[in-house]
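Below, each chain spelled out in residue letters.
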Amino acid sequence: NNHIAAVSAQKSSGIIQTDYIGGPGRLVAGGFIGAQSTRYKFNLTLRTQSSGSVKLNIICTLESSIQGRRGSANPYRDVTASNSKLVKGLETWLYEQVGKGLEDNK
C-alpha cells in the first residue's frame, strides 16, 4: 500500500531489506550554509515461533547528508542513534502498516 521497494528478500533467512525512502529535509541556517537531506530504510526479520506464529522485528536506519550552498554534498552518514524518537516513530508506523495489511487480508 505504501510502495516501499524491497532491495532484497531472502525467504530462507526471513530477512527483507527495503530501499531508501526520502525523509524530511531542512535548510541549515536559513539556507545560508546549505540544506540537510535525510533518508531511511528498514530491515525486517521474520521468525517462525514454536507455536506456528511469526514474529516480526523491524529496524530502521536513518541517514543524513548536508549539501552546501555551492552544490557540493557530503556523503550520507548514519544518524540513527542521535534521532531515536524519529526512528522509533518510523518503526512504529511500519508495524502499524503491516498490521493493517494483515487485517485487510482476513
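Because the structure is a prediction, the values reported are computed rather than measured.

S.K.: Looking at this structure, how should I read the overall build of the protein?
M.R.: For the protein, the count of helices and strands is 1 helix and 7 strands. Starting at the N terminus, the α and β elements of the protein follow one another as β-β-β-β-β-β-β-α. Within the protein, the fraction of its 106 residues that count as buried is 23%. Considering only residue pairs separated by 6 or more positions, the protein has 41% of its internal contacts joining residues 24 or more positions apart.

S.K.: Looking at this structure, how should I read the pairing of strand 1 (residues 6-10)?
M.R.: Regular strands place their side chains on alternate faces of the sheet. Across the 5 residues of strand 1, 0 count as buried, placing the element largely on the outside. Where strand 1 lies against strand 2 (residues 15-18), 4 bridges are found, and the strand directions are antiparallel. Opposite A9, over in strand 2, you have I16 as the bridge partner. The turn joining strand 1 and strand 2, which pair antiparallel and follow one another in sequence, is formed by 4 residues; a positive phi near 75 degrees is taken by G14.

Basis of the calculations
- Residues numbered from 1 in each chain as written.
- Predicted model: local features only at pLDDT ≥ 70, side-chain atom pairs only at ≥ 80, totals over all residues.
- Heavy atoms only, no water.
- Helix = DSSP H or I, 4+ residues; strand = E, 2+ residues; numbered from the N terminus.
- Buried < 20%, exposed > 50% of the residue type's maximum accessible area, 1.4 Å probe, protein only.
- Contact = heavy atoms within 4.5 Å.
- Pairing = 2+ DSSP bridges.

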